Amino acid sequence: MKKHDQDFMKRQNRLTVFEIIKNQQPISRASIAKQTGMSPTTISRIVGELTEEGFLLESEQVSVGLGRKSTLIAMVDAAVLSVGVELDRHQFHIGIVDIQGNVVAGGRYPRTADESADVTLERIGAELDRLTKAHDIDCERIIGIGIGLPGIVDNDSGVVVFSVQLGWKQVHLAERLKEITGYDVAIDNELKVKALAEHLKGAAIGSSRTALLGFGNGVGSAIIVDGEIYRGKTNSAGEIGHTTIDPNGMMCDCGKAGCLQTYININSLLSEANKIRPTRSIEELFEARRAGERWAVYLIERALMYMAITINNVVCMYNPDSVILSGELGDKFPEIYDEVVELCISKFVWEPLRGSFTILRSELHEQGVVIGSGLMSQNCFFALK
Ligand SMILES: [Zn+2]
């Protein structure tokens, strides 16, 4: 085996063992060996390393009946915290996340759409500082920062390649934020970390093939296959918002015409609504629909139809066992989910795939990106150390 492959295997083994202990603690070495198929020597080496680093503790337990002593391994709960950050056009959201994915402290902070990357990153550093002081959090326990954001993200190099929503291009985000805060920084696309969070903590626990769809300021998806995020060549797999629906359609903020997201996302809905009458917020548009104004009924029902079509298209492409619906539209107006599911099942699902998948709602809602980012940072830490 090549050196590079050996290192990769070592990191994967370490992460696998760590995940099993985290989820099944207290647990014996023998049980870990049985589940992973790794040798007792490998298990002992990994457990030894993690114990020495202060993440695990071992306790002797006498089993009932036989009177035999066995050693069980458990997590040191307070040992690890990480920081999850959700970065968006009009705000950023910081959460301190523990090893179980609970947010122990957090806050939301407004930003202006034209705020530069440097200013935003300085502000994240300052707010994080304030947050840890206000909640009396021991910074020694924080092992790193994870960030989820909209756009094309090179997760290996920590570079934001292109984000229309943030207006950023080629921003060396991980490197810059590490300079400011001193912490290791991992970054990824927001829907990919959200899918990770739902997979580890939320609606997708136990699913091996998950498609998560996001309908909000943008439209996108993330796919998890056997516990791994499917990334594609440039970490752009799942960018369905820019699939072309109508070459003669409306202009998209990406510069093309007729992208899927121009029928669904909040900005597009508002700009269409404003052709009829001044509409400042998505709430106003839904209000107009409730009042039975035909243009508003038409706009929203068209969006719901395209959401239903998107579910069918993604199911045809990936054949998942679960489809998770998420995003600001459904978080704000949960009633639309039933309409979309009903439409999809009654009109758009391809017959051979009917019944092959379950449609679920996000369980972590607007916390998903922060939790997923925090857990991503922990995964990087335990796998790479
Ligand atoms: Zn587009």
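Calculation criteria
- Residues numbered from 1 in each chain as written.
- Predicted model: local features only at pLDDT ≥ 70, side-chain atom pairs only at ≥ 80, totals over all residues.
- Heavy atoms only, no water.
- Phe/Tyr/Trp six-rings, centres within 6.5 Å; stacked < 30°, edge-to-face > 60°.
- Helix = DSSP H or I, 4+ residues; strand = E, 2+ residues; numbered from the N terminus.
- Buried < 20%, exposed > 50% of the residue type's maximum accessible area, 1.4 Å probe, protein only.
- Donors = N, O, S within 2.8 Å, 3.2 Å for Na, K, Ca; no water.
- Tetrahedral: all angles 85-135°; square planar, octahedral: opposite > 155°, others 65-115°.
- 1 Å grid on protein atoms, 1.4 Å probe; cavity = no way out; pocket = protein on both sides within 12 Å on 5 of 7 lines; lining within 4 Å.
- Points joined across faces, edges and corners; volume = space filled by probe spheres on them.
- Nonpolar A, V, L, I, M, F, W, Y, C, P; charged D, E, K, R; others polar.
- Expected span 1.5 Å × (residues − 1).
- Arc of directions from axis to C-beta.
- Pairing = 2+ DSSP bridges.
- Axes fitted to C-alpha atoms, helices over the stretch in contact; angles between N-to-C directions.
- Disulfide = S-S within 2.5 Å.

(A) Structural context of the packing of aromatic side chains. Taken as a whole, this structure holds 4 aromatic pairs when the rule is applied. Each ring, one from Phe55 and one from Phe381, has its centre 5.6 Å from the other, and the planes form 85°; the classification is edge-to-face. Placement of Phe55 in the loop between α3 (40–52) and β2 (56–62) and of Phe381 in helix α12 (residues 368–384) is noted, with a sequence separation of 326 residues between them. For the residue pair Phe55 and Phe381, the accessibility class agrees, reading buried in each case.

(B) Spotlight on the coordination of the zinc ion. Protein coordination at the zinc ion comes from His242 (ND1), Cys252 (SG), Cys254 (SG) and Cys259 (SG), with a distance range of 2.1 to 2.4 Å. Of note is the zinc ion, whose 4 donor atoms meet at the metal with angles of 105 to 119° in an arrangement that counts as tetrahedral. Mapping the donors of the zinc ion onto the primary sequence yields the spacing H-x9-C-x1-C-x4-C. When its relative accessible area of 7% is taken as the criterion, Cys252 is described as buried.

(C) Representation of the layout of surface pockets in the model. Estimated volume of the largest pocket: approximately 1,400 Å³. Lining the largest pocket are 38 residues, with Gln12, Leu15, Asn379, Cys380 and Ala383 sitting closest to its centre. Where the lining of the largest pocket is concerned, the elements lending two or more residues are α1 (3–24), β7 (142–149), β11 (185–189), α6 (190–201), β14 (228–229) and α12. With 9 residues, α1 is the largest single contributor of residues to the lining of the largest pocket. For the lining of the largest pocket, the per-class residue count stands at 17 nonpolar, 13 polar and 8 charged. Approximately 1,100 Å³ is the volume attributed to the second largest pocket. If you trace the second largest pocket, you find 48 residues lining it, with Asp88, Gln165, Glu190, Asn217 and Gly218 closest to the centre. Mapped onto the lining of the second largest pocket, the elements with two or more residues apiece are β9 (159–163), α6, β12 (209–215), β13 (219–225), α7 (266–273), α10 (328–332) and α12. The leading source of residues in the lining of the second largest pocket is α6, at 4 residues. Along the lines of polarity and charge, the residues of the lining of the second largest pocket split into 13 nonpolar, 22 polar and 13 charged.

(D) Up close: the side chain of Thr120. Tracing the backbone shows Thr120 in helix α4 (residues 117–134). What makes Thr120 buried here is its relative accessible area of 0%.

(E) Region of interest: α3. For α3, which comprises 13 residues, the first-to-last C-alpha distance of 18 Å matches the rise-based estimate of 18 Å (1.5 Å per residue) to within 8%. Taken as a whole, α3 has its buried residues at Thr42, Ile43, Ile46, Val47 and Leu50. On an axial view of α3, the arc spanned by its buried residues comes to 125°, and they lie on one face. For α3, the exposed residues set more than 90 degrees away from the buried face come down to Pro40, Thr41 and Glu52.

(F) Structural detail: the pairing of β13. Where burial is concerned, most of β13 is hidden: 6 out of the 7 residues are buried. For β12 and β13, the ladder comprises 7 bridges, and the chain directions are antiparallel. Counterpart to Arg209 in the pairing with β13 is Val225. The hairpin turn running from β12 into β13, its antiparallel successor, is 3 residues long. Across 2 bridges, the pairing between β13 and β14 is antiparallel. Each residue of the ladder has a partner; that of Val225, found in β14, is Glu228. Adjacent in sequence and paired antiparallel, β13 and β14 are bridged by 2 residues, among which Asp226 carries a positive phi angle near 50°.

(G) Layout of the sheet that holds strand β4 (residues 81–87). Read across the open sheet, the 5 strands follow the order β6-β5-β4-β7-β11; overall the sheet is mixed. Each edge of the sheet is formed by a strand with only one pairing partner; in this case those strands are β6 (103–110) and β11. Shown here is a sheet whose adjacent strand axes are inclined to one another by a mean of 15°, direction ignored. Where β4 and strand β5 (residues 91–98) come together, 7 bridges link them in antiparallel fashion.

(H) Quick peek at the state of the cysteines. Following the criterion strictly, the structure yields 0 disulfides and no others. Between Cys316, a cysteine without a disulfide, and Cys344, which holds the nearest cysteine sulfur, the sulfur-to-sulfur distance is 9.4 Å.

(I) Expanded view of the sheet that holds β9. With antiparallel pairing, the 3 strands of this open sheet are ordered in space as β8-β9-β10. Where the open sheet ends on each side, the last strands, each with one partner, are β8 (152–154) and β10 (168–171). Neighbour-to-neighbour, the strand axes of the sheet open up by a mean angle of 15°, direction not taken into account. Sheet topology places β8 next to β9; 3 bridges connect them, and they run antiparallel. Considered in β9, the bridge of Ile152 is made with Phe162.

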